[in-house]
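Letter by letter, the chains look like this.
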Amino acid sequence: MDTEKGLKAPSEGEVSSSENGLQLGEAETTKRGLKSRHAQMLALGGTIGTALFVSSGQTLARGGPAFILGCYCFMSLVVYTVLTGLTEIAAFMPVPGSSVSYYASRIVSPSFGFATGWLYVYSMVILAPYEITAASLVISYWPNDINIGVWITVMMVVIIALNSLPVKFYGESEFWFASLKVIMMAGLLIVSIILFFGGGPSHDRLGFRYWQNPGAANEYILEGNTGRFLALLSTLVLSALPFTFAPEFLIITTGEMKNPRKTLPRAAKRYIYRILFFYISSILAITVICPSSDSTLTSGGTGAGASPFVVGIKNAGIPVLDSVINGGILISAWSSGNSFLYMATRSLYSQARAGNAPKWFLACTKSGIPYRCVAVCSVFCVLAYTNLGDSSAVVFNWFVNLTNQSAFISWTCCCILHLRFRKACAAQNLSIRDNLPYTSRFQPWGSYFGLGLFPFLALINGFDVFFPSKWSVSGFFTAYIGIPLFGVFYVGHRIWTWKEKWVIDPIEVDLRTGVESKEYEEEVKTQSGKKWVRAVKALWE
C-alpha cells in the first residue's frame, strides 16, 4: 500500500555526504508558487491532450476494442509504478530544479544524468510544437479560410506568454484548463453511457455491438493469428502515447511546489484516479460508441474528425455536440503544449543546476522565471510551421514516433534511477519505511519489471517499417533516432569525463543535500469552522 509519512531527517550515521553531491546555489532560483490544488489538477490533466482524444482513434483502428482496452489497462499500471518510484525520490529530496536528470546525475552518474537531461530537453521542445500541430488539425475541423499559419502563431504567442509569467499564473491557467478537461471527460462518459442504453436520437441501443462486429481484435499487416499478434504489439506501442512524460511532469513541478513533501505524495496517490477516470473509462467508452472499422479514424478523418468520440457522436446523429467536443479538444491541445513548453524550460534549467548546461541558463527573474531557458526553448515552437509545407497528418505522425521512443528510453532511465536510489539507501542504512515521506507497495518490483519491459517497447516501437509494405526512410528514422541520440549524449559525456567513475558507489551517493532544509516544510495552518468550510479551504489552497 502506498504510504505518506512525515519526514524523519537522517542522522550523520545513516548517510554519508559525498563530493559527488550537487550543491544548490541560492543566488538564482525558481520560486515555489504552485499550490496544492495546482499540483492536484496538474497531476489529473496536465499532459492530457490530443493523444487521448484524437490518436486513440488510430490505436482503436489498429487493434480493435479488446486490444486497445487491454493495452491501456496494462500500460496504466506500469506507468503508475514509474510515478511511484520517482515520487519516493522527489518527496525525499524536493530540491529547486528537481527533475529525473538532476537525480540521475546525483544518484547514478553525471554521464547518465547528462544523457537523460538532454533527452528531456530535446523531447519537450518537440512535444510543444507537436501539440500546436495537433491543435491546428483540430481547428481545421471547422470550415474556414484563414491560413493555418495564423492559428499556429496565435497559439504560440499565448503559450510563450504564459510561460513567461510567474509560475503561479502558469499553475492557475493549467488549473482551469485541466478543470475543463475533467468536465469534458465527465460529459463524454455520460453521453457514452446514454448511447450504450439506447438514449440517442435514434434510440438504437449500442451495447457492445462493435465488439462483435467488426470484432474484438483486428489484424495488422498479415492475416490470421500472426496478424492479430502484430496488431497487439502495435497497439501496445501506440497506447503509451497518452502517458508520455506524465510521471516526469509531476516530478518537474516539485521544484516549484509549495510544501512538496506533503503535496507530491498526495498528488501521486490520487494519480491512480486519473488513470481510472481518464484512460480506462474513456477507452471503454470509445469501444462502445465507435466501430474500429470506421474509415474516418485514419485516412478519412482530419483533426478532431479522427477522434473516436466525435465519430461516435456523429454516427449517433447528435447535432452540435461534435463542435463542442472539438472545442474541448482544442483547449486540451493548447494546454498540453503549454505544459510541455514548461517542462522543456525547467528541464534545461535543471541541466544548468546539475552542471550539464552552461550556467548562463540559471538566470532567473525576481519572480523566479528562468527567462533565458524560456527564450531558447520557445524558438523550437516554430517547428509547428512545418504544417505549411507538408501534409499535417505526415508531420503529426513524425512527432508521434519521435516522442514515443523518447518516452520508453526515459522510463527505462527512471527504473534504473529508482533501483540505484534504493540500493544507496540500503548501503547507507537508511530505512525506507522510517525516513522516506512516501513509499509504495509496488516498489521495487515495479521498477524491475519496467526495466525489462520498456527497452523491449523501445526496440519494437517501429517494427512495422521492416515489412516491405510499410517501409519508409522517414518512418525508420523517427521510430529509432532516440536510441542512438541517447547513446551519443552518454558516450560523449563519458569520453569528456573519462576519469570519473562509471557509476557512483552507493555508499558515496549524496542523500543529504536538500533533505534537511526547512525551506521545503511549511507550518500546518490551524483551520477553524465547520468541516465543509475547512474542506473547501484545503482544496483551494
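Residues numbered from 1 in each chain as written. Predicted model: local features only at pLDDT ≥ 70, side-chain atom pairs only at ≥ 80, totals over all residues. Heavy atoms only, no water.

A look at the overall build of the chain
Piece 1. When its secondary structure is counted, the chain shows 21 helices and 2 strands.
Piece 2. Summed over all atoms, the accessible surface of the chain reaches about 21500 Å², with 65% contributed by carbon and sulfur. (Helix = DSSP H or I, 4+ residues; strand = E, 2+ residues; numbered from the N terminus. Areas by Shrake-Rupley, 256 points an atom, 1.4 Å probe, with all protein chains shown as cover.)

Some details on the packing of helix α5 (residues 100-107) against helix α6 (residues 110-139)
Piece 1. Where α5 meets α6, the axes come as close as 7 Å, and the angle between the chain directions of the two elements is 170°. Put simply, α5 runs roughly antiparallel to α6. Where α5 abuts α6, its residues V100, S101, A104 and S105 lie against P110, F112, G113, F114, T116, G117 and Y120.
Piece 2. Of the residues that constitute the contact of α5 with α6, the class distribution is 6 nonpolar, 5 polar and no charged. (Axes fitted to C-alpha atoms, helices over the stretch in contact; angles between N-to-C directions. Parallel < 35°, antiparallel > 145°, perpendicular 65-115°, else oblique. Contact = heavy atoms within 4.5 Å. Nonpolar A, V, L, I, M, F, W, Y, C, P; charged D, E, K, R; others polar.)

Some words on the packing of aromatic side chains
Piece 1. Scanning the model with the defined rule gives 21 aromatic pairs in all.
Piece 2. With a centroid separation of 4.9 Å and 75° between ring planes, the pair formed by F196 and F197 is classed as edge-to-face.
Piece 3. Overall, F197 belongs to the exposed group, its relative accessible area being 56%.
Piece 4. With a centroid separation of 6.0 Å and 80° between ring planes, the pair formed by F466 and F476 is classed as edge-to-face. On the criterion of sequence distance, the pair formed by F466 in the loop between α18 (445-459) and α19 (473-480) and F476 in helix α19 is long-range, its members being 10 residues apart.
Piece 5. Overall, F476 belongs to the partly exposed group, its relative accessible area being 34%. (Phe/Tyr/Trp six-rings, centres within 6.5 Å; stacked < 30°, edge-to-face > 60°. Buried < 20%, exposed > 50% of the residue type's maximum accessible area, 1.4 Å probe, protein only.)

Some points on a nonpolar patch on the surface
Piece 1. There is a patch of nonpolar side chains on the surface, built from V491, I495, W498, W502 and V503 and spanning about 550 Å² of accessible area.
Piece 2. According to the relative accessible area criterion, I495 is exposed, its value standing at 58%. (Patch = residues over 30% accessible without salt bridge, like charges linked within 9 Å, V, L, I, M, F, W, Y side chains within 5 Å. Salt bridge = Lys/Arg side-chain N within 4 Å of Asp/Glu carboxyl O.)

Some remarks on the pattern of salt bridges
When the charged atoms of two side chains with opposite charge come close together, those side chains can pair.
Piece 1. According to the stated counting rule, one finds 5 salt bridges in the structure shown.
Piece 2. In this structure, R106 engages D510 in a salt bridge whose closest nitrogen and oxygen atoms are separated by 3.9 Å. Placement of R106 in helix α5 and of D510 in the loop between α20 (482-496) and α21 (531-540) is noted, with a sequence separation of 404 residues between them.
Piece 3. A relative accessible area of 0% places R106 in the buried class.
Piece 4. For D510, a relative accessible area of 1% corresponds to the buried category.

What about the confidence of the model for the chain?
In regions of low pLDDT, the predicted coordinates are not meant to be interpreted in detail.
Piece 1. Mean pLDDT over the chain works out to 77, with 79% of the residues at or above the 70 mark.
Piece 2. Model confidence for the chain, summarised as mean pLDDT per element, is weakest for α21 at 45 and strongest for α18 at 91.
Piece 3. Across residues 518-529 the pLDDT falls below 50, and counting only partners more than four positions away or on other chains, this stretch makes 24 contacts in the model.
Piece 4. Contacts for the low-pLDDT stretch residues 532-541, under 50 throughout, to residues beyond four places or in other chains number 15 contacts. (pLDDT = per-residue confidence, 0-100.)

Some remarks on the packing of helix α3 (residues 55-63) against helix α10 (residues 224-238)
Piece 1. Remark: α3 packs on α10, axes separated minimally by 8 Å, with the N-to-C direction vectors making an angle of 165°. What the angle tells us is that α3 and α10 run roughly antiparallel. Here α3 and α10 pass one another in a crossing that is left-handed. Facing T59, R62 and G63 of α3, the residues of α10 in contact are A231, S234, T235 and L238. (Left-handed = near helix turned anticlockwise from the far one by under 90°.)

Side note on the nonpolar core
Piece 1. Judged by nonpolar contacts, the single largest core of 144 residues is most densely connected at Y103, W411, F421 and F454.
Piece 2. Looking at which element gives the most residues to this core, the answer is α6, with 17 residues.
Piece 3. Once you skip the residues sitting within four places of it in the chain, W411 turns out to touch V79, V82, A240, F243, T244, F245, P247, E248 and F454. (Core = buried A, V, L, I, M, F, W, Y, C linked by side-chain atoms within 4.5 Å.)

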